[in-house]
Amino acid sequence: LAKTTQPISMDSYEGQEVNITCSHNNIATNDYITWYQQFPSQGPRFIIQGYKTKVTNEVASLFIPADRKSSTLSLPRVSLSDTAVYYCLVGDIKAYGQNFVFGPGTRLSVLP
Amino acid sequence: SAVISQKPSRDICQRGTSLTIQCQVDSQVTMMFWYRQQPGQSLTLIATANQGSEATYESGFVIDKFPISRPNLTFSTLTVSNMSPEDSSIYLCSVGVSRDTEAFFGQGTRLTVV
């Protein structure tokens, strides 16, 4: 499974757009990129998943450049409730399912 | 989506004893996984629970210590055997309807070994 590198922590203010970039230089051809969010005392929650280019859903966008060695999770207009740990994960989900090697994640703090 | 019920939600156990954690899903799922999350740390995959066969364990985890059952497509158990204080952690069940669809996590079982 490819390793990922992401900032340990980020601060933002309410109403701002937040972009969290993840590096996965050793990503394999069959690997997908997945982001999860975790609040204290809860299990992680799926945010978004993609393979290439851009994926958008009701809560976030995921930008993946052509070389796929990095990806950026974009959260539009964050609120205090978006304060959480965000995990970037890569893996061959079609072969192994959604069992991931979790890194330390990015601790996002949204300030008023 | 899948709704996961994990039991117990928390427990305090004596060292040397064993605890079985249950994961019940409200619908049939293809994939079931067990993770551990130590306080303030990230998640570590323990094993993939395979229906009708032995679980697939990750490096550093063995069946004698963490026996897993998965008798059907909606239920799995993880036992933490011969516990020591180092086993104090949150244990999480994760499920997926299919391999390439999103995984859902339970709320976790907070285990404290004294």
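Above this text you will find the structure in question.
What comes next concerns the included structure.

**Some details on the nonpolar core**
Residue and element names in this part refer to chain B.
Reasoning step 1: Core analysis: the largest hydrophobic core is formed by 27 residues, its most contacted members being W34 and V95.
Reasoning step 2: Elements that contribute at least two residues to this core include exactly β3 (19-25), β4 (31-37), β5 (43-49), β8 (75-80), β9 (89-96) and β11 (109-113).
Reasoning step 3: In terms of residue count, the dominant contributor to this core is β3 (four residues).
Reasoning step 4: Those residues within four positions of V95 in sequence are excluded, and the remaining contacts are A2, I4, C23, V25, V29, M31, M32, E102, A103 and F104.

**Let's talk about the side chain of T74 of chain B**
Reasoning step 1: One can find T74 of chain B in the loop between β7 (68-72) and β8.
Reasoning step 2: The contacts of T74 of chain B, once residues within four sequence positions are left out, are C23, Q24, V25, S27 and Q28 of chain B.

**Looking at the state of the cysteines**
Reasoning step 1: What the rule picks out here adds up to two disulfides over all chains.
Reasoning step 2: Linked covalently through their sulfurs, C22 of chain A and C88 of chain A form a disulfide whose S-S length is 2.1 Å. Residues C22 of chain A and C88 of chain A share a disulfide whose torsion about the S-S bond is about -80°; that sign makes it left-handed. One end of the pair, C22 of chain A, is in strand β2 (residues 18-23); the other, C88 of chain A, is in strand β8 (residues 84-91), with 66 residues separating them in the sequence. Accessibility assignment for this pair places C22 of chain A and C88 of chain A in one class, buried.
Reasoning step 3: The disulfide partner of C23 of chain B is C93 of chain B, and the S-S distance across this bridge is 1.9 Å. Disulfide C23 of chain B-C93 of chain B: torsion about the S-S bond near -60°, hence left-handed. Of this pair, C23 of chain B sits in strand β3 while C93 of chain B sits in strand β9, and the two are 70 residues apart along the sequence.
Reasoning step 4: On the basis of relative accessible area, C23 of chain B is assigned to the buried category, the value being 0%.
Reasoning step 5: With relative accessibility at 0%, the residue C93 of chain B sits in the buried group.
Reasoning step 6: Cysteine C13 of chain B shares no disulfide, and the gap to the nearest cysteine sulfur, in C23 of chain B, comes to 18 Å.

**Focus on the layout of surface pockets**
Reasoning step 1: Considering only enclosed or pocket space, the largest pocket measures out at about 470 Å³ in volume.
Reasoning step 2: Taken together, 26 residues form the lining of the largest pocket, with Q38, V85 and R107 of chain A together with Q37 and Q41 of chain B sitting closest to its centre.
Reasoning step 3: At the level of elements, β8 and β9 (106-111) of chain A together with β9 of chain B are the ones that each hand at least two residues to the lining of the largest pocket.
Reasoning step 4: Partitioning the lining of the largest pocket into residue classes produces 11 nonpolar, 13 polar and two charged.
Reasoning step 5: When its volume is computed, the second largest pocket comes out at roughly 220 Å³.
Reasoning step 6: Per element, the largest residue contribution to the lining of the second largest pocket is three residues, and it comes from strand β4 (residues 45-50) of chain A.
Reasoning step 7: Tallied by class, residues from the lining of the second largest pocket come to seven nonpolar, three polar and three charged.

Definitions and cut-offs
- Residues numbered from 1 in each chain as written.
- Chains lettered and ligands numbered in written order.
- Predicted model: local features only at pLDDT ≥ 70, side-chain atom pairs only at ≥ 80, totals over all residues.
- Heavy atoms only, no water.
- Core = buried A, V, L, I, M, F, W, Y, C linked by side-chain atoms within 4.5 Å.
- Buried < 20%, exposed > 50% of the residue type's maximum accessible area, 1.4 Å probe, protein only.
- Helix = DSSP H or I, 4+ residues; strand = E, 2+ residues; numbered from the N terminus.
- Contact = heavy atoms within 4.5 Å.
- Disulfide = S-S within 2.5 Å.
- 1 Å grid on protein atoms, 1.4 Å probe; cavity = no way out; pocket = protein on both sides within 12 Å on 5 of 7 lines; lining within 4 Å.
- Points joined across faces, edges and corners; volume = space filled by probe spheres on them.
- Nonpolar A, V, L, I, M, F, W, Y, C, P; charged D, E, K, R; others polar.

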